[in-house]
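# Coordinates in review
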Amino acid sequence: MKKIVILQDNISSEGGYKAGYLLNKLLNNKNITSQIITLDKNFNFLQKVFFSTYRLINYILTKLFFDSNITSTFPQIFNFNKIVNKIDAETIIISYANRIINFRKLKDIENKKIILFIHDQWLLNGFRHFDLKLKKKNDLKKKIRDFFEKNYVKRNIKSLSHNKDIKIFASTKWLSQELKKNFIIKKKIDYLHNFVDYNFWKKNDNIDYKKKLNLKNESFNILFVAKYGLENFRKGGDLILKINEIAKENKNINFILLGQYKKLNYKNIYNFSTRNQIKVRDIFCSCDINLTLSRSDNMPYSILETMSCGLPNISMNVGGISEIIDHKKNGWLLNDNNIEDILKAINWIKDKRNYKKLSNNSRVKIVKKFSFDNAYRELNNKNFIR
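Quick look at the structure, then. Model, not experiment: these values are computed from the prediction.

A word on the packing of aromatic side chains. Applying the stated criterion across every chain yields a total of 5 aromatic pairs. Seen from their ring centres, F200 and W201 are 4.9 Å apart, and the 85° between their planes marks the pair as edge-to-face. By relative accessible area, which is 23% here, F200 ends up partly exposed. Connected via pairs of aromatic rings, a cluster forms that spans F200, W201 and F284. In this structure, R295 is placed above the aromatic ring of F233, and the distance from its NZ or CZ to the ring centre is 3.9 Å.

As structure tokens, then:
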């Protein structure tokens, strides 16, 4: 029987890691032998010290050459091919290990099919996980950063394009098209949409979620999910208080922030920072709308999971988000971050004449297009695991 190993640098509830976890769960559910191996578990003491030092250097370089809110990963200097070669599996899926795998060395891995599962744009940008206009830096810093990024991307693309045993899958059609613009061998690139367990991400009609979280029953709750909350510029966290300044005139509107670590002194803004998935589901189900204001993104799991819970989504039309949100059918797509347009979208969805249909359509879209069964059909149709 075919054996598959999903390689990650660690386990987390964040996007790329979650994708690996769910893929492993799907394969096992379909009686395909699969397991997740985290490379950090294979470190010896010296490698752990080395990796910790590397992460510290990465943090310092990020502060020097990038904005603090941009996630970045500097060049992969590790070579764990010996570890990978010892893995008893025909197929290795690298779901989220870009911090510790040197992709230019993947050609040294013997007798294994390699699948690179890409969830963001770091392979195209160099060190940044997403393409985003940076705040102004002095010319010297920009030249240094651009020089290293350009050469790093060029080497990676050349190496991966010419390696016949590697195939690249993106998690959205949009991202696969972005990759194809840069890679020499386009046949290597396809996409497999992220998916969620809709049996877990759903509302229980017997539970009063607002009461459970000490929220007023008559309140209309707008969810905003972002690590570091209002400080996350890429996710549009800086816009929330501007929206609230106008929206607070409606006393029934609350903002629920998931990922906001610092407490805020606003009567209608509640912040949570849990990663417990049951508690996260309770938070989602206590809300009425999910608001995604990302200036750059691919397809956040928060959109998939909240839609599965029946929440209409308002989102910036960036990345692959339009592949899940259908404008005015299950949500609202914004072309820019104009505050008046965001408020217009909120009021339109909030209207009782629109809300129930949008909520039902959101759930249906997930069940039909982003479920485990649909993902398995995509796996087979695109020879992902053959």
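Turning our attention to the state of the cysteines. All told, the structure shown has 0 disulfides when counted by the stated rule. This cysteine, C285, is not joined by any disulfide, and C309 carries the nearest cysteine sulfur, 3.9 Å off. We classify C285 as buried; its relative accessible area is 6%.

In a regular helix each residue adds 1.5 Å, so 18 residues correspond to 26 Å; helix α12 (residues 352–369) covers 26 Å between its end C-alpha atoms and thus fits that length. Inspection of α12 places N354, Y355, L358, S359, S362, K365 and I366 among the buried residues, and these make up the whole buried set. The arc that holds the buried residues of α12, viewed along the axis, is 130°, so those residues lie on one side. The outward face of α12, more than 90 degrees from its buried face, is lined by the exposed residues R353, K356, K357 and K368. If you follow the buried residues of α12, they end up packed against β7 (220–225), α10 (301–308), β12 (331–334) and α11 (339–350).

What counts as what
- Residues numbered from 1 in each chain as written.
- Predicted model: local features only at pLDDT ≥ 70, side-chain atom pairs only at ≥ 80, totals over all residues.
- Heavy atoms only, no water.
- Phe/Tyr/Trp six-rings, centres within 6.5 Å; stacked < 30°, edge-to-face > 60°.
- Buried < 20%, exposed > 50% of the residue type's maximum accessible area, 1.4 Å probe, protein only.
- Lys NZ or Arg CZ within 6 Å of the ring centre and 35° of its normal.
- Disulfide = S-S within 2.5 Å.
- Helix = DSSP H or I, 4+ residues; strand = E, 2+ residues; numbered from the N terminus.
- Expected span 1.5 Å × (residues − 1).
- Arc of directions from axis to C-beta.
- Contact = heavy atoms within 4.5 Å.

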